[in-house]
Amino acid sequence: MRNTMDIRDTYGPEETYEVGKELAKQARPGQIYCLDGDLGVGKTVFTQGFAMGLGITEPVNSPTFTILQEYEEGRMPLYHFDVYRIGDVEEMEEIGYEDCFFGEGVCLIEWASLIEEMIPENAVWVTIEKDPQKGMDYRRITIHS
Ligand code: ADP
Ligand code: MG
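Residues numbered from 1 in each chain as written. Chains lettered and ligands numbered in written order. Predicted model: local features only at pLDDT ≥ 70, side-chain atom pairs only at ≥ 80, totals over all residues. Heavy atoms only, no water.

Caption draft 1: Region of interest: the site of ligand 1. Neighbouring residues of ligand 1: 15 residues in total, closest T16, G40, K43, T44 and D137. In this structure, an oxygen atom belonging to ligand 1 sits 2.8 Å away from a side-chain N or O atom of K43. One nitrogen or oxygen atom from the side chain of T44 is found 2.9 Å from an oxygen atom belonging to ligand 1. Contact with the protein chains removes 75% of the 580 Å² of surface that ligand 1 exposes when unbound. Those elements that place two or more of their residues in the shell around ligand 1 are α1 (13-25) and α2 (43-54). Looking at the shell around ligand 1, the element that brings in the most residues is α2, giving three residues. Broken down by class, the residue content of the shell around ligand 1 amounts to four nonpolar, six polar and five charged. (Near = heavy atom within 4 Å. Polar contact = N/O pair within 3.5 Å; in protein donor to acceptor, adjacent residues only side chain to side chain. Areas by Shrake-Rupley, 256 points an atom, 1.4 Å probe, with all protein chains shown as cover. Helix = DSSP H or I, 4+ residues; strand = E, 2+ residues; numbered from the N terminus. Nonpolar A, V, L, I, M, F, W, Y, C, P; charged D, E, K, R; others polar.)

Caption draft 2: Structural detail: the environment of R75. Following the sequence through the fold, R75 ends up in the loop between β3 (68-71) and β4 (78-82). Look at R75 and you get partly exposed, because its relative accessible area is 48%. Spatially, the C-alpha atoms of R75 and V126 are 22 Å apart, while their sequence positions differ by 51 residues. Those residues in contact with R75 that lie beyond four places of it in its chain are A24, K25, Q26, A27 and L54. A polar atom in the side chain of R75 sits 2.6 Å from the backbone oxygen of A24. (Buried < 20%, exposed > 50% of the residue type's maximum accessible area, 1.4 Å probe, protein only. Contact = heavy atoms within 4.5 Å.)

Caption draft 3: Spatial organisation of the pattern of salt bridges. Here the structure, examined in full by the defined rule, presents two salt bridges. Ionic pairing is found between E22 and R8, a salt bridge with its closest N-O pair at 3.2 Å. Of this pair, E22 sits in helix α1 while R8 sits in strand β1 (residues 4-10), and the two are 14 residues apart along the sequence. Relative accessible area serves as the criterion here: at 39%, E22 is assigned to the partly exposed category. For R8, a relative accessible area of 26% corresponds to the partly exposed category. Of the charged contacts, one joins D9 and R140 as a salt bridge, the two residues approaching to 3.5 Å between their closest N and O atoms. In this pair, D9 sits in strand β1 while R140 sits in strand β7 (residues 139-144), placing the two residues 131 residues apart along the sequence. Overall, R140 belongs to the partly exposed group, its relative accessible area being 31%. (Salt bridge = Lys/Arg side-chain N within 4 Å of Asp/Glu carboxyl O.)

Rendered as structure tokens:
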């Protein structure tokens, strides 16, 4: 059973960016943030704000073909995963995910539900959804553990 912590409504990418940035300020080493939601919903926008909140100024994009991108510039390492194209969980082992999951940095995983069985119990889940009735740029961001 998941426990809802917070729901945030945003009305444009800059607001989703801000939610990511705010959350990063509370992030602690060893935390795992799981991002869920359809293609184009704003997972990468959220990640870009999160990176900025950690003090990372280099550009952050979806590492679609590499699964993992590491950023060392902020107040702690950021391990940005995008597992959209993952074939099976062995690929996670090949890239050494355990050093990230159980390391001194913070992990952010786009499409985390595709590898749900690998996600530790204490991860934070961030679900982003559209609601066409509220306009093209509306997103509901649910943060739960
Ligand atoms: P994902 O990583 O989930 O596939 P992206 O972050 O790459 O999605 O893209 C989200 C797209 O939606 C961007 O083009 C962004 O400008 C647009 N967008 C519109 N409204 C919002 C919003 N409220 N929050 C985030 N992105 C938004
Ligand atoms: Mg993305």
